[in-house]
Amino acid sequence: MSRLGITARTGLGTDLFHFVSSLTPIVNVDLVVYNSKGQILLAMRDDPHCGKGWHIPGGCVRFKETIDSRIKKVAQSELNLTDFTYDKDPMKVFEIMWDKDQRNLDNDDERAHFITLAYKCYAPDSYVIDNQGMSETEVGYLRWFDKLPDDLLKIQNCYRDILI
């Protein structure tokens, strides 16, 4: 335990994480999940940092957490996907930054610089999306896409050059 009561296991807490993320890039993994039809799995998101739209599921790598562990945690927590495979090397590494004035936040540097490792993942044919009665506009709703939708989050437009 640190002098501040912060541990790698429990994390920084929201306020401190937002402060740290305004001073340094954040490393995260994105899971580009394909099914056997070649479709991509996206999730609906709506938050003050990125806005509302479809996004590639992903998550920030925690201190002393392996990338493999973060990939599996994101797959489980965001997609309820436990039986899947993925390429061990990232398909692409992105440096993603928000420009000033693109968001309406008190601190527009907060969560504005990411080093993103994009991993190609493969869902088995047995995987079934369980949206638990949510509507398509609700946060966390999952859907397969044949191509990237027009309302993909702007911060993820970098994927338009490499994905269908």
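Note that the structure is predicted; figures quoted are calculated from it, not measured.

Let us now look at helix α2 (residues 67-79). Taking 1.5 Å of rise per residue, 13 residues should cover 18 Å, and α2 covers 17 Å from first to last C-alpha, within 8% of that figure. Buried within α2 we find Arg70, Ile71, Val74, Ala75 and Leu79. Seen from one end, α2 has its buried residues packed into an arc of 135°, which puts them on one side. Where α2 terminates, the next one or two residues include asparagine 80, which has phi positive at roughly 55°.

What follows concerns the packing of aromatic side chains. Applying the stated rule across the entire model yields 6 aromatic pairs. With 6.3 Å between their ring centres and 85° between their planes, tyrosine 127 and tryptophan 144 make a pair best called edge-to-face. Here tyrosine 127 is found in the loop between β7 (113-122) and β8 (142-145), whereas its partner tryptophan 144 is found in strand β8, with 17 residues between them in sequence. The burial state of tyrosine 127 is the same as that of tryptophan 144; both residues are buried.

The next subject is the pairing of β7. Consecutive side chains along a regular strand alternate between the two faces of the sheet. Note: strand β1 (residues 26-34) against β7, 9 bridges, orientation parallel. Within the sheet, the bridge partner assigned to valine 32 lies in β7 and is lysine 120. Inspection of the sheet shows strand β6 (residues 92-97) paired to β7 by 6 bridges, in the antiparallel sense. From the neighbouring strand, glutamate 95 faces β7, where its bridge partner is isoleucine 115.

The next subject is the pattern of salt bridges. For the structure on display, the rule yields 5 salt bridges. Across the pair aspartate 68 and lysine 88 runs a salt bridge, and its minimum N-O distance is 3.8 Å. Taken together, the residues span a long stretch of sequence, with aspartate 68 in helix α2 and lysine 88 in the loop between β5 (85-86) and β6 at a distance of 20 residues. Given a relative accessible area of 29%, aspartate 68 falls into the partly exposed group. A salt bridge links glutamate 136 to arginine 143, with the nearest nitrogen and oxygen atoms 3.2 Å apart. Within the structure, one salt-bridge network assembled from shared partners comprises Glu65, Arg70 and Lys73.

Conventions and cut-offs
Residues numbered from 1 in each chain as written. Predicted model: local features only at pLDDT ≥ 70, side-chain atom pairs only at ≥ 80, totals over all residues. Heavy atoms only, no water. Helix = DSSP H or I, 4+ residues; strand = E, 2+ residues; numbered from the N terminus. Expected span 1.5 Å × (residues − 1). Buried < 20%, exposed > 50% of the residue type's maximum accessible area, 1.4 Å probe, protein only. Arc of directions from axis to C-beta. Phe/Tyr/Trp six-rings, centres within 6.5 Å; stacked < 30°, edge-to-face > 60°. Pairing = 2+ DSSP bridges. Salt bridge = Lys/Arg side-chain N within 4 Å of Asp/Glu carboxyl O.

Nothing here speaks to function; it is geometry throughout.
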